[in-house]
Amino acid sequence: MYEVSEFPFEQPVHHHADDMRVGQCIKTLYTMLHRCGCCGTCVCQERNWVELEVVSFSATHLIRCCTSDGAVAGVVLLFIAAVVLAWIYSANPFGLKGKGLGEVVVFFMFGPMLAAGTSVALCGSVVPQGLWYSIPIGLQTAAVLHVNNARDIQTDTAAGLQTLAIFLGPRGSAKLLEVLLLLVYSTVALLTMLENSTLRQWLVFACVPWALYVVRRSASGRYHELPQALAQHNLLFGAILIGALATPMFAMRTLIACLFTLGGFNNVIMWDYQSSLTREKMQRVYPRLSGPWCTACFAVASFMQTAVSIVFILGFHTVLMAKLLLTFLIVVTFVVHDFWTIEDCDAPPFSQNDTPTVAQQSSTVATFASNFDNEFVHFFKNVGMMGALVAYLEMFT
């Protein structure tokens, strides 16, 4: 069965008699997470992307809210404000982006304003909790834009623009990034303490090492793909924050099944390598299996782990999905991570003189000393995941 109340801050919206109630306003963070993470590179590469996205967002939620009692006026005001800001962001004679105000506009558009619009659309009014938690999301999106502008200081200067990064210079821009990320984490910490809520929000601090890596790269002037790296940090941060704000059951299912989902996507991205690896492992167990059969099994397994894990996370037929994931995991663990078949366990050579500097951020030390250690660790990592699924089944069967 589906768990109805997966998010707090639920408020009803009065639609027509044949409309279902719309609650769970904190779902607005899903939209903001998509903007700051998945589309982070778009912010960095497309000058007019902000205009198109905001107008699209505003129009969509205006249409949705026209059937909601008491919400039309608020959405109309937000729609007008969004269109005006989107226009003056880059259009002459205003061009706020070229006057050092781009980060400010992006913060409001992809933080509080986006949260307010979605809040009104879903709940009929602005829900304060969702608005407060939109602040770190908006700051993160502004940070992505700022890093992009810092990378493009020379080209923007040649184009006659005056971004905030140009005004501050490389060192000042790096310091501003530190301040923005510090505010992101401080905001979550402050909200958690003020609300006296559960400790799950503190889990976002698991992303601090990633944030420090981004800061160090910015300070050393290595901007190649840095906006993408920051956007990926924002994606993980936002995902953890959403899980923390959701109910414990939703958070638990997400933590159990997220690796299945990510693994399925990785199988598609690394198809040639993963299918070859699967063929080798399966033929080691069943030598008579042909290559096409192994590839077909790999395709079915990839689809199964992705689809089943998503359905499990969303809360549909969770017991059945947990059983399917457990069955899948048992088969894959003993077929793929067959550490007992590895006979050569020699570790690769390593010299202390090869130790990288902090600025290089490259590794000369393998994560695993040998292939045996690699398979051994992954085998028992899967055993731990089996334990989580077994515990879940024991709780609900």
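Preceding this section is the structure that the text describes.
In this report, the structure presented in the accompanying data block is examined. (Residues numbered from 1 in each chain as written. Predicted model: local features only at pLDDT ≥ 70, side-chain atom pairs only at ≥ 80, totals over all residues. Heavy atoms only, no water.)

### Focus: the overall build of the chain
To keep things clear, this is the line we draw: Numbering goes from the N terminus for both helices and strands, where a helix is a DSSP run of H or I of at least four residues and a strand is a run of E of at least two. The buried label applies to any residue whose accessible area, calculated with a 1.4 Å probe on protein chains only, is under 20% of its type's maximum; exposed applies above 50%, and partly exposed to all values in between. We call two residues in contact when some of their heavy atoms are within 4.5 Å.
When you go through the chain residue by residue, the secondary structure sums to 16 helices and 0 strands. Counting across all 397 residues of the chain, residues that qualify as buried make up 43%. Here the analysis covers contacts within the chain between residues at least 6 apart in sequence; of these, 69% occur between residues at least 24 apart.

### Describing helix α13 (residues 271-285)
The criterion, for reference: Multiply 1.5 Å by the residue count of a helix minus one, and that product is the helix's expected span.
For α13, which comprises 15 residues, the first-to-last C-alpha distance of 21 Å matches the rise-based estimate of 21 Å (1.5 Å per residue) to within 8%. Of the surrounding secondary structure, the elements contacted by the buried residues of α13 are α12 (248-269), α14 (291-314), α15 (318-336) and α16 (371-396).

### Looking at the pattern of salt bridges
We count it as follows: Note on definitions: salt bridges are taken to be side-chain nitrogens of Lys or Arg within 4 Å of carboxyl oxygens of Asp or Glu.
As enumerated under the stated definition, the model contains 5 salt bridges in all. Measuring nitrogen to oxygen at the nearest pair gives 3.2 Å for the salt bridge that ties R151 to D152. Its salt-bridge partner being K281, residue D338 comes within 2.9 Å of it at the nearest N-O pair. Residue D338 is found in the loop between α15 and α16, and its partner K281 is found in helix α13; the two are separated by 57 residues along the sequence. By the burial criterion, D338 is buried, and K281 matches it. Shared partners join several salt bridges into a network, and the residues in it are E280, K281, R284, D338 and E375.

### Things to note about the nonpolar core
Selection rule: Definition used in this section: a nonpolar core is a set of buried Ala, Val, Leu, Ile, Met, Phe, Trp, Tyr and Cys residues joined via side-chain atoms within 4.5 Å.
Counting residues in hydrophobic clusters, the biggest one holds 31 residues, and the most contacted among them are L177, L230, F237 and L241. Looking at this core, the element that brings in the most residues is helix α9 (residues 164-195), giving 9 residues. What L241 contacts, discounting residues up to four positions off in sequence, is Y133, V188 and V204. Membership of the second largest hydrophobic core comes to 19 residues, among which are F250, A322, F328 and L389.

### Remarks on the packing of aromatic side chains
Heads up, the rule is: Stacked, tilted and edge-to-face pairs are distinguished by plane angle, under 30 degrees for stacked and over 60 for edge-to-face with tilted covering the rest, among Phe, Tyr and Trp rings (Trp via its six-membered ring) whose centres lie within 6.5 Å.
Counted by the stated rule, this structure contains 19 aromatic pairs. Ring pairs connect the aromatic residues F334, F339, W340, F372, F376, F379 and F380, which therefore count as one cluster.

### Quick word on the packing of helix α5 (residues 102-110) against helix α7 (residues 128-151)
For clarity, the threshold we go by: An axis is simply a line fitted to the C-alpha atoms; with a helix, the fit covers only the stretch in contact. Between two such axes, the angle follows the N-to-C directions and lies from 0 to 180 degrees. Each crossing is labelled by how the near helix is turned from the far one, with a counterclockwise turn of less than a right angle marking it left-handed and a clockwise turn marking it right-handed. The residue classification treats Ala, Val, Leu, Ile, Met, Phe, Trp, Tyr, Cys and Pro as nonpolar and Asp, Glu, Lys and Arg as charged. All others, Gly included, are polar.
Here α5 crosses α7 at 145°, and the two axes come no closer than 8 Å. You can see that α5 and α7 cross each other, and the crossing is right-handed. Two secondary-structure elements touch here, α5 through G102, E103, V106, F107 and F110 and α7 through I135, I137, G138, L139, T141, A142, L145, H146 and N149. Within the contact of α5 with α7, the residues separate by chemical class into 8 nonpolar, 5 polar and 1 charged.

### Here we look at unusual backbone geometry
One non-glycine residue, E225, lies in positive phi territory at about 60°. Mapped onto the fold, E225 is located in the loop between α10 (208-219) and α11 (226-245). Backbone geometry places H317, a non-glycine residue, at a positive phi of 45°. For H317, the location among the structural elements is in the loop between α14 and α15. For H317, a relative accessible area of 53% puts it in the exposed group.

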